[in-house]
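Read off the chains here:
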Amino acid sequence: MALIKCPECGKEVSDKAQSCPNCGFPLSTDIKVCPECGATAPADADTCSTCGYPFVDNATTQSVVAGSKHSVSKKNRTLGIAAIVVGVIFLFVGFNTLTADDLKFYKDHLQECVDAQSEVDAMSYGAFGGTYKSISSDYDSLISYDKKKITGLTVKGMSFIGVGAFFIVCGILLAKGVWAILKEDVDGINQVS
């Protein structure tokens, strides 16, 4: 036996109880959730007892089980879990890209080229200055290439991480039923308008 909170009075009651022993609120029947204030009312109520909002139709009626005001459909839960799995895969690929040997190679090679170029530049003032300047420009090309590769791999890794985080957040929102709550709030605003 688990204890749940009554959506009406907030007291803890058994999850097996048909109604709250404190206030008599039905715990496992069809009820209406007021789109205006979020209060619960019996399914046959015409207006919200808390704020007086008129229930126009039965669109706000939903089944409340175990004290939860908002139910999560099996489809949303499955989609949420799938989005979380996809997000984890994207995160894995992103972190793997950022820690890959390719990225380390280009960073190390870039540093070697910068060091070698500074040595060549120091020698370019001697008798063979023209030759050294040609070598220095070759190092410029290698440095530019390495920087492009490093930037490309970093952007790729960070993009995968961003998309993965987005999928995980959306998956959690779907699995927890936040989308249903937000949709109800929007539907309530549309009904008032």
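Residues numbered from 1 in each chain as written. Predicted model: local features only at pLDDT ≥ 70, side-chain atom pairs only at ≥ 80, totals over all residues. Heavy atoms only, no water.

**Focus on the overall build of the protein chain**
Our working rule: Only DSSP runs of H or I covering at least 4 residues are called helices, and only runs of E covering at least 2 are called strands; the numbering of each starts at the N terminus. Here the term buried applies to any residue with accessible area under 20% of the maximum for its type, exposed to any over 50%, and partly exposed to those in between, with areas from a 1.4 Å probe on protein chains only. Residue contacts are counted whenever heavy atoms from the two residues lie within 4.5 Å of one another. Note on areas: Shrake-Rupley, 1.4 Å probe, and residue coverage restricted to the protein chains presented here.
Along the backbone of the protein chain there are four helices and five strands. Reading the protein chain from its N end, one meets helices and strands in the order β-β-β-β-β-α-α-α-α. Considering the protein chain as a whole, with its 193 residues, one finds that 27% of them fall into the buried category. Partitioning the intrachain contacts of the protein chain with sequence separation of at least 6 by distance along the chain shows that 53% fall at a separation of at least 24. Looking at the protein chain as shown, the accessible area adds up to about 12,200 Å², and 61% of this sits on carbon and sulfur atoms.

**Description of the environment of Pro54**
Its location among the elements puts Pro54 in the loop between strand 4 (40–42) and strand 5 (61–63). In this structure, the C-alpha to C-alpha distance between Pro54 and Cys34, residues 20 residues apart in sequence, is 8.8 Å. Setting aside residues up to four positions removed in sequence, Pro54 forms contacts with Asp46 and Thr47.

**As for the packing of aromatic side chains**
In plain terms, the rule: Under the pairing criterion, centres of Phe, Tyr and Trp rings, with the six-membered ring standing for Trp, must be within 6.5 Å; the plane angle then separates stacked pairs below 30 degrees from edge-to-face pairs above 60, leaving the rest tilted.
Counting across every chain of the model gives five aromatic pairs. Taking 5.8 Å as the distance between ring centres and 10° as the angle between the ring planes, the aromatic pair formed by Phe90 and Phe167 counts as stacked. Placement of Phe90 in helix 1 (residues 74–98) and of Phe167 in helix 3 (residues 129–176) is noted, with a sequence separation of 77 residues between them. Given a relative accessible area of 25%, Phe90 falls into the partly exposed group. Residue class for Phe167 comes out partly exposed when judged on its relative accessible area of 30%. Ring centres of Tyr106 and Tyr145 lie 6.3 Å apart, and the angle between their planes is 70°; this geometry places the pair in the edge-to-face category. Taken as a pair, Tyr106 in helix 2 (residues 101–123) and Tyr145 in helix 3 lie far apart in primary sequence, 39 residues in all. Assessed through its relative accessible area of 44%, Tyr145 is described here as partly exposed. What links up through ring pairs into an aromatic cluster is the set Phe90, Phe160, Phe166 and Phe167.

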